[in-house]
Amino acid sequence: HRKLFMVFYKSKLAKMLLPDNSKDDYITLFGFSFTRKGYFMSIWEGVEMQIHRRQYAECFVLAVIPTILLCIFISCIFIALPFISYYILYWLEMAIYHHSAFDYEAKANCMETTYFIVRKRFAWMKWYCKKELPKIDNDWLE
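For every chain, the first residue of the written sequence is number 1, and numbering continues from 1 along that sequence. Owing to the predicted nature of the model, reporting of local features is limited to residues with pLDDT of at least 70; listing and counting of side-chain atom pairs is limited to 80 or more, with chain, interface and lining totals taken over all residues. Excluding hydrogens and water, the side-chain figures rest on all heavy atoms present in the structure.

**Some words on the sheet that holds strand β3 (residues 32–35)**
Inclusion rule: Any two strands are treated as partners once DSSP identifies two or more bridges connecting them. Helix and strand labels come from DSSP, where a helix needs a run of H or I of at least four residues and a strand needs a run of E of at least two; each type is numbered from the N terminus.
The strand order across the open sheet formed by three strands is β1-β3-β2, and the pairing between neighbours is mixed. With one partner strand each, in any of the chains shown, β1 (7–8) and β2 (26–29) form the two edges of the open sheet. Two strands pair when backbone bridges link them, and β1 and β3 are joined in this way by two bridges, in the parallel orientation. Directly across from F8, in β3, lies its bridge partner F34.

Laid out in structure tokens, this is it:
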């Protein structure tokens, strides 16, 4: 199994973007994970980061064809769409439903180290835009 993208430890960007009182120690931007920690995080945090990076890659791929069509028929300004599609979907769902299918999938499966063996592509889609999400059994991680 190939790992997607990279993790940057002791990241000034993570320190700058994450508030001191944040329960999260990492942030994933454009498929790269930035953590304020200077050492490898727990296995669960690592799996959660990998899930988010995989989701980003899937959203990127999902936006490629529409972007090509928009660039051909409307304007090349849409060239950035694949790079920001994950964030558009994330914040749109957060604005409407106050939760995220991306976060839900990552939190619900972060304790399963073999998750990528059984995970189907675009697994987050089955929870996207649902009014309510099932309870996660591993709330003790938070």
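**Some words on the layout of surface pockets**
Operational definition: Of the two site types, the cavity is a set of points on a 1 Å grid over the protein atoms alone where a 1.4 Å probe fits but cannot get out, and the pocket is an open set with protein on both sides within 12 Å along at least five of seven lines, each lined by residues with an atom within 4 Å of a point. Grid points are joined across faces, edges and corners, and a volume is the space filled by probe spheres set on the points. When residue character is reported, Ala, Val, Leu, Ile, Met, Phe, Trp, Tyr, Cys and Pro are called nonpolar, Asp, Glu, Lys and Arg charged, and the others, Gly included, polar.
What the largest pocket holds in volume is close to 770 Å³. Lining the largest pocket are 27 residues, with D24, H52, Y90, D103 and K107 positioned closest to its centre. Taken together, the elements giving at least two residues each to the lining of the largest pocket come down to β2, α2 (43–73), α3 (81–97) and α4 (101–109). Taken together, the residues of the lining of the largest pocket sort by class into 14 nonpolar, five polar and eight charged.

**Considerations on the environment of E112**
Rules: Think of a polar contact as two N or O atoms within 3.5 Å of one another; within protein, one of them needs to be a possible hydrogen donor and the other a possible acceptor, and neighboring residues in sequence only count if both atoms come from side chains.
You can see E112 is positioned in the loop between α4 and α5 (115–118). Along the primary structure E112 and I43 are separated by 69 residues, whereas in three dimensions their C-alpha atoms are 9.5 Å apart. A distance of 2.4 Å separates polar atoms of two side chains, one belonging to E112 and the other to T114.

**Regarding the nonpolar core**
This is how the line gets drawn: Here, nonpolar core refers to any group of buried Ala, Val, Leu, Ile, Met, Phe, Trp, Tyr and Cys residues whose side-chain atoms link them within 4.5 Å. When a residue's accessible area, from a 1.4 Å probe over protein chains only, is under 20% of the maximum for its type it is buried; when over 50% it is exposed; and in between it is partly exposed. Contact criterion: two residues are considered in contact whenever any of their non-hydrogen atoms come within 4.5 Å of each other.
Counting residues in each nonpolar core, the largest one holds 12 residues, listed as Y56, C59, Y86, Y87, Y90, A101, F102, Y104, W124, W127, Y128 and I136. Where this core is concerned, the elements lending two or more residues are α2, α3 and α4. Sequence-distant contacts of A101, defined by excluding residues within four places in its chain, comprise Q55, E93, W124, W127 and Y128. If you look at the next biggest cluster of nonpolar residues, it comprises six residues, including V47, A106, Y115 and A123.

**Describing the confidence of the model for the protein chain**
As a reminder, the rule being used: Values of pLDDT, the confidence the predictor places in each residue, fall between 0 and 100.
Chain-level pLDDT for the protein chain is 85 on average; 90% of the residues reach the 70-or-more range. Averaged pLDDT values for the elements of the protein chain fall to 80 in β1 and rise to 94 in α3.

**Here we look at a nonpolar patch on the surface**
What counts here: Only residues whose relative accessible area exceeds 30% and that form no salt bridge are eligible for patches; like-charged ones are grouped when within 9 Å, while nonpolar side chains (Val, Leu, Ile, Met, Phe, Trp, Tyr) are grouped when within 5 Å. Working definition of accessibility: Shrake-Rupley area with a 1.4 Å probe, residue cover restricted to the visible protein chains. For this document, the term salt bridge refers to a Lys or Arg side-chain nitrogen within 4 Å of an Asp or Glu carboxyl oxygen.
Residues I65, I68, L69, I72, F73 and I74 make up a contiguous nonpolar surface patch of roughly 670 Å² in combined accessible area. Tracing the chain through its elements places I72 in helix α2. Residue class for I72 comes out exposed when judged on its relative accessible area of 57%.

**Points about α2**
Quick note on the threshold: The span one expects for a helix is its residue count, reduced by one, times 1.5 Å. The bend at a residue is defined as the angle formed between two axes, one fitted to the seven residues ending at that residue and one fitted to the seven starting there.
End to end, α2 covers 46 Å across 31 residues, agreeing with the expected 45 Å (1.5 Å per residue, within 8%). Its maximal kink placed at V64, α2 deviates by approximately 35 degrees, while the proline P66 follows within four residues.

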